[in-house]
Amino acid sequence: MRLGSGTFAAGCVVIEVLGVALFLRGFFPTPVFSGAERQAESPASEPSAGASSNWTELPPPLFSKVVIMLIDALRDDFVFGSKGVKFMPYTTYLVEKGSSLSFVAEAKPPTVTMPRIKALLTGSLPGFIDVVRNLNSPTLLEDNVITRAKAAGKRIIFYGDETWVKLFPKHFVEYDGTTSFFVSDYTEVDNNVTRHLDKVLKRQDWDVLILHYLGLDHIGHISGPNSPLIGHKLSEMDSILMKIHTSLLSEERETLLPSLLVLCGDHGMSEAGGHGASSMEEVNTALVFISSAFERKPGDIRHPTHVQQTDLAATLSIGLGLPIPKSNIGSLMFPVVEGRPMREQLRFLHLNTVQLSKLLQENVPSYEKEPGFEQFKVSERLHGNWIRLYLEENNSEVLFNLGARVRKQYLDALRTLRLSLSKRAAQYDVYSMAAGTALVLEVLALLLLSVPQALGSRAELDVPLLSPVCSLLFYLLLLALVALHGAVCTAARSSCYLCSLPWLAAGGAMALTAALLCAVVSALTRTFASGTCLSQNPPQSTSRWSELDLLSFLGTVGHVLSLGASSFIEEEHQTWYFLINTLCLALCHQIYRNCFLGDDCAPQRCPHMGEEFDGVTVALQGKRAGPEGWELSRAPADPSSLEALRGPERWMVLASPWLVLACCRLLRSLNQTGVQWAHRPDLGHWLTSSDHKAELSVLAALSLTMIFVLVQKRCSLTSKVAMAFGLLGIYCYRAAIGNVLFPWQQDNKDISKGITEARFVYVFVLGILFTGTKDLLKTQIIAADFTARTVGLWEIYSGLVLLAALLLRPHNLPVLVLSLAIQTIMTQFIWKPLRHNVTEVTVMHYWFGQAFFYFQGNSNSIATVDISAGFVGLDAYMEIPAMFLTAFATYSGPVLWASHLVNFLTSEASSSSALSRACFCYALICSTPVSVYIVLVTSLRYHLFIWSVFSPKLLYEGMHLLITAAVCIFFTAMDQTNTKS
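Residues numbered from 1 in each chain as written. Predicted model: local features only at pLDDT ≥ 70, side-chain atom pairs only at ≥ 80, totals over all residues. Heavy atoms only, no water.

Student: Would you take a moment to explain the state of the cysteines for this structure?
Tutor: Joining two cysteines, a disulfide is a covalent bond between their sulfur atoms. Summed over all chains, the structure comprises one disulfide. The partner cysteine of Cys 489 in its disulfide is Cys 499, sulfur to sulfur 2.0 Å. Measuring handedness by torsion sign, the sulfur bridge of Cys 489 and Cys 499 sits at about -90° and is left-handed. Pair noted here: Cys 489 is in helix α21 (residues 472–491) and Cys 499 is in helix α22 (residues 497–500), with a separation of ten residues, a long-range link. Of the residues examined, Cys 499 reaches a relative accessible area of 27% and is grouped as partly exposed. The thiol of Cys 584 is not disulfide-bonded; the next cysteine sulfur, from Cys 664, is found 5.3 Å away. (Disulfide = S-S within 2.5 Å. Helix = DSSP H or I, 4+ residues; strand = E, 2+ residues; numbered from the N terminus. Buried < 20%, exposed > 50% of the residue type's maximum accessible area, 1.4 Å probe, protein only.)

Student: Would you mind showing me how to read the nonpolar core here?
Tutor: The tendency in soluble globular proteins is for nonpolar side chains to be buried side by side. Membership of the largest hydrophobic core comes to 155 residues, with the highest contact counts inside it found for Ile 707 and Phe 848. Among the elements that make up this core, the one with the highest residue count is helix α37 (residues 914–939) (15 residues). Not counting residues within four places of it along the chain, the set of residues in contact with Phe 848 comprises Ile 580, Leu 583, Cys 584, Val 660, Cys 664, Ile 822, Met 826 and Trp 897. (Core = buried A, V, L, I, M, F, W, Y, C linked by side-chain atoms within 4.5 Å. Contact = heavy atoms within 4.5 Å.)

Student: Mind showing me how you'd approach the packing of aromatic side chains here?
Tutor: For any pair of aromatic rings, the description consists of the separation of the ring centres together with the inter-plane angle of the planes. One pass over the structure, following the stated rule, counts 29 aromatic pairs. Taking the centre distance of 6.1 Å and the plane angle of 55° together, the rings of Phe 373 and Phe 376 count as tilted. With Phe 373 and Phe 376 both in helix α16 (residues 371–392) and three residues apart, the pair spans about one turn of that helix. According to the relative accessible area criterion, Phe 376 is buried, its value standing at 3%. For the ring pair Phe 853 and Tyr 956, a centre distance of 6.0 Å and an interplane angle of 80° mean the geometry is edge-to-face. One end of the pair, Phe 853, is in helix α34 (residues 838–855); the other, Tyr 956, is in helix α38 (residues 946–980), with 103 residues separating them in the sequence. In this structure Tyr 956 comes out as buried when scored by relative accessible area, which is 9%. An aromatic cluster is defined as three or more aromatic residues linked by ring pairs; in this entry it consists of Trp 576, Tyr 846, Trp 847, Tyr 922 and Phe 971. Across the ring face of Trp 206, the terminal group of Lys 65 is positioned such that the distance to the ring centre comes to 4.2 Å. (Phe/Tyr/Trp six-rings, centres within 6.5 Å; stacked < 30°, edge-to-face > 60°. Lys NZ or Arg CZ within 6 Å of the ring centre and 35° of its normal.)

Student: What am I meant to see in helix α4 (residues 89–96) here?
Tutor: Given 3.6 residues per turn, any residue in an α-helix points the same way as the ones three and four places further on. Listed as buried for α4 are Tyr 90, Thr 91, Thr 92, Leu 94 and Val 95. Lining the buried residues of α4 we find α2 (77–80), α3 (82–87), β4 (100–106), α12 (228–251), β8 (260–264) and β9 (284–290).

Student: How do you make sense of the packing of helix α30 (residues 717–736) against helix α32 (residues 786–807) when you look at a structure like this?
Tutor: For any two helices packed against each other, one specifies the crossing angle of their axes together with the interaxial distance. Put simply, α30 and α32 touch, their axes get as near as 9 Å, and they point 10° apart. Compared by their axis directions, α30 and α32 come out roughly parallel. Residues Ser 719, Met 723, Gly 726, Leu 727, Ile 730, Tyr 733 and Arg 734 of α30 touch α32, and the partners they reach there are Glu 795, Ser 798, Leu 802, Ala 805, Leu 806 and Leu 807. (Axes fitted to C-alpha atoms, helices over the stretch in contact; angles between N-to-C directions. Parallel < 35°, antiparallel > 145°, perpendicular 65-115°, else oblique.)

Student: I keep staring at helix α36 (residues 892–908) and nothing clicks. Help me out?
Tutor: The terminal C-alpha atoms of α36 lie 24 Å apart, and with 17 residues this matches the ideal 24 Å at 1.5 Å per residue to within 8%. The buried count for α36 comes to 17 of 17 residues, which makes it a mostly enclosed element. (Expected span 1.5 Å × (residues − 1).)

Student: Looking at this structure, how should I read the side chain of Ser 703?
Tutor: Within the secondary structure, Ser 703 sits in helix α29 (residues 693–711). Note on Ser 703: relative accessible area 4%, which makes it buried. What Ser 703 contacts, discounting residues up to four positions off in sequence, is Leu 813, Pro 814 and Val 817.

Student: I tried to follow the pairing of strand β7 (residues 208–213) on my own but got confused; where do I start?
Tutor: If a strand is regular, its side chains alternate between the two faces of the sheet. Most of β7 sits out of view: six of its six residues are buried. Burial along β7 is two-sided: the face carrying Val 208, Ile 210 and His 212 and the face carrying Leu 209, Leu 211 and Tyr 213 are both buried. For strand β3 (residues 66–71) and β7, the ladder comprises six bridges, and the chain directions are parallel. Looking across to β7, one finds that Leu 70 is bridged to His 212. Relative to β7, strand β5 (residues 156–161) runs parallel, the two sharing five bridges. In the strand pairing of β7, Tyr 159 is matched with Leu 211. (Pairing = 2+ DSSP bridges.)

Student: Could you clarify how one ought to interpret the packing of helix α26 (residues 572–596) against helix α33 (residues 813–834) in this entry?
Tutor: As a packed pair, α26 and α33 sit with axes 11 Å apart at the nearest point and diverge in direction by 55°. Classified by the interaxial angle, the pair formed by α26 and α33 is oblique. For the element pair α26 and α33, the recorded crossing hand is left-handed. Of the residues in α33, those in contact with Leu 587, Gln 590, Ile 591 and Asn 594 of α26 are Met 826, Phe 829, Ile 830 and Leu 834. Class assignment of the residues belonging to the contact of α26 with α33 gives a composition of six nonpolar, two polar and no charged. (Left-handed = near helix turned anticlockwise from the far one by under 90°. Nonpolar A, V, L, I, M, F, W, Y, C, P; charged D, E, K, R; others polar.)

Student: Teacher, can you tell me more about the sheet that holds strand β6 (residues 174–178) here?
Tutor: Backbone-to-backbone hydrogen bonds pair the strands of a sheet. The strands run either parallel or antiparallel. Read across the sheet, eight strands follow the order β6-β5-β7-β3-β8-β9-β4-β10 without closing on themselves; strand pairing throughout is mixed. Each edge of the sheet is formed by a strand with only one pairing partner; in this case those strands are β6 and β10 (305–308). Neighbour-to-neighbour, the strand axes of the sheet open up by a mean angle of 15°, direction not taken into account. Pairing of β8 with β9, which is carried by four bridges, proceeds in the antiparallel orientation. In the sheet register, Leu 263 faces β9, and the bridge partner there is Val 288. Together, β4, β8 and β9 form the strand contacts of α4, whose direction differs from that of β4 by roughly 100°.

Student: Any chance you could explain the environment of Thr 179 here in plain terms?
Tutor: As for its position among the elements, Thr 179 is in the loop between β6 and α9 (188–194). By relative accessible area, Thr 179 is classed as partly exposed at 29%. Taking the C-alpha atoms as reference, Thr 179 lies 7.6 Å from Val 189; in sequence the two are ten residues apart. Non-local contacts of Thr 179, meaning those with residues more than four positions away in its chain, are made with Glu 162, Val 189, Leu 214, His 218 and Tyr 877.

Student: Mind showing me how you'd approach the pattern of salt bridges here?
Tutor: Opposite charge on two side chains permits them to pair, given that their charged atoms come into close proximity. Applying the stated criterion across every chain, the model contains 24 salt bridges. Note that Lys 166 is salt-bridged to Glu 162, the shortest N-O span being 3.8 Å. Across the salt bridge formed by Asp 205 and Arg 203, the nearest N and O atoms sit 3.1 Å from each other. Residue Asp 205 is classed as partly exposed on the basis of its relative accessible area of 35%. On the accessibility criterion, Arg 203 (21% relative accessible area) is partly exposed. Within the structure, one salt-bridge network assembled from shared partners comprises Arg 75, Asp 77 and Glu 271. (Salt bridge = Lys/Arg side-chain N within 4 Å of Asp/Glu carboxyl O.)

Student: Honestly, a nonpolar patch on the surface in this entry has me stumped. Any pointers?
Tutor: A grouping of Trp 545, Leu 550, Phe 553, Leu 554, Val 557 and Leu 561 is seen on the molecular surface, where their side chains present a nonpolar patch of about 570 Å² in accessible area. Turning to its location among the elements, Leu 554 is positioned in helix α24 (residues 547–562). (Patch = residues over 30% accessible without salt bridge, like charges linked within 9 Å, V, L, I, M, F, W, Y side chains within 5 Å. Areas by Shrake-Rupley, 256 points an atom, 1.4 Å probe, with all protein chains shown as cover.)

As structure tokens, this is what we get:
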């Protein structure tokens, strides 16, 4: 069966998406857990050495009531830094002079809300895949403090982020959840929590009160940590904390035990306002324990000490008199119990070390050789000796010194055990990873082996669909895979995703793997049998690789290889900036050489379009043949008259690479990204500061005007009007939410959510997209009108540009303008005059799309994802629209450049197979990095930066491949339209 190269590539990318999804399911592991059921197990008895201990029960609770006030994105300097001193005076007083203990709690990546809540309450390290589950949190089945408290009869009340309600259904006697993803709201989302306080604090029918405030995090997403709104929100939180603390102090007069108020954050906030990565601002959170039990003596100065966020679960369990969660890998925060008698201190430490040692035994086969386990045994033996001495005489200096020694030994054992368990904090599903990797590599091999036919003059492949399935090799491979599957699933000690699938689904995956392998073997055999492995050109062909082809090849290969280094991943934007700058210099060299010098150093005239593209702007005196083979090169061009380019047009051709270089250099100054230099000031920070709102307003207005000028030229009259009103609506929307000012405004006093204005723009976006789609369908069904088809495609592109302008932040509108300007310059003065073939044009579009992904401030860190774009025009959280808008805003650069590629090839290429070849080339250069990166990540899965650097990049690569699949399907659909027309 013969397939177009575009259709074949689209099918391959879809299969690769399935392979990547399977790999991700196995790579993002399940946390270390305790598999044994010990619900009715009694707590460990106190150690004894020849004497019988009289303490076999859990210690009684240390606090009568516990209030947990969790402020989302409360990084440490918001409380302990200058902002805390200025905006949280009551909290600062408690930290510096009051009855409190202060900590800087380190959160492990991913620093997003749901995994951090799990870490706080289970004491375990959540899997990185919880980044995805954060959008729709499932019920938490792992042992945790909330479940233990409910089982012990504690009455728990919760108000705040509805993530808690999803994690702990039927655990709260009273609750009121608020939507956490509607980031445009930072007032009502907190008022809905605070409105319950006065009533609840007067009641006595609860033991644990949990409050989760989201407003601070939402402000960070909207305007960053330096916004004036941050100070107002911190002041609001300080007054709420004072109200809670005052109420708890008044109640303590009637109770025997003190109360505990815990102020904490789930994660921090980056300098851009996001979170999810591993920068110091994102992982360091404030943690303050406030209780009359922590009274300090005169002159007692307490500085915040560093702890792990997972330590809170063990500490809360001890404070509430509960068993420590079985999967906890944290250690007791010793200052909390330091004021208790020595026997109680040792009892608490013993319970913690027993729990950690049991977890170690269940997850490490050779646990007896672990240093932490050996230290635990020594501690337990010394503890037994101390108990014997305590029961004999309880007031000697020897007893105290021995107790201090036992305490130090326990603390050392806790530290070592926690470190050992943290290193084994996850278990990979290697079987699913191997199956996904096999699918991905088979697809890549098929694409590479199909290059000679796919990029040939006909752009078609002979794809035998039945022969691989009907061959003996297929059934032998399938039988071997079934046997392997049965053996792995039988012997697997841990959970395996493929083994949990029904046999029909697992069999389908194995059949697909076997069929692809047979296809690869068939392609290899056919290639070697024909005697042409890399070229199918006729012997008379004299074409060779040009410098631009060599640059494209080496640049792509170099980028792929750079993904094996963590520093190159963190600073990947530098790679793309270097590549496009080098590309501009190569284009400059090509233009100057073709215009002034020939191959023999004789004067040469400028070339024009080749066979693939129509000469639209320049006259041709001769035509050269387009690429008849599959190579990335062209035959030498026949000279045409230099006088065909006269006056300004000629100078624009000569200056165009330098104009593109200047635009790229300006864009680099707009947004600092990456890791090493992300903290440095840039134009974006200057524009978004409250002191430069007038300058930002002028820039936004000019940018929107330039967008209209650059886009409207090929639109119909109806679309031009819709575009003009849509761009006007975008400015009105930004003015409504306080980003920019109208000329008659002095300042934004009446700030709204801009829902009406944004929806006004959405109407025009949908209208333009509908108009373009109608024109395309008309050419498909009624008449083959070339002009209508090109106008329809351009209107779809214009609608996407309008949507991007709405979703991008105002200071990023110049990124969109310069993207359109570069596309115009490249089209008019580089691609047409230099007659670049389809492959080169496709590679250039891909490179610029990747560069513009970083120009708009993105990076390989989750913290740079602007989730506020997902809520533009929404008055409530709707998962699918929010996810689509966020993804489009993040990947608007690659999407718009891919869309422009379709427009350019459709309007300029005379060859009917241009789109098909472009689709194949685009799929190949997108699939290669993903395939190689999966192999690299598998080999580096125990790397120090696997979760902070490599895993976020893996998620980005997976999402990019999904978008590539959508782009290839669009390419194929347009190619079919062109063919039928």
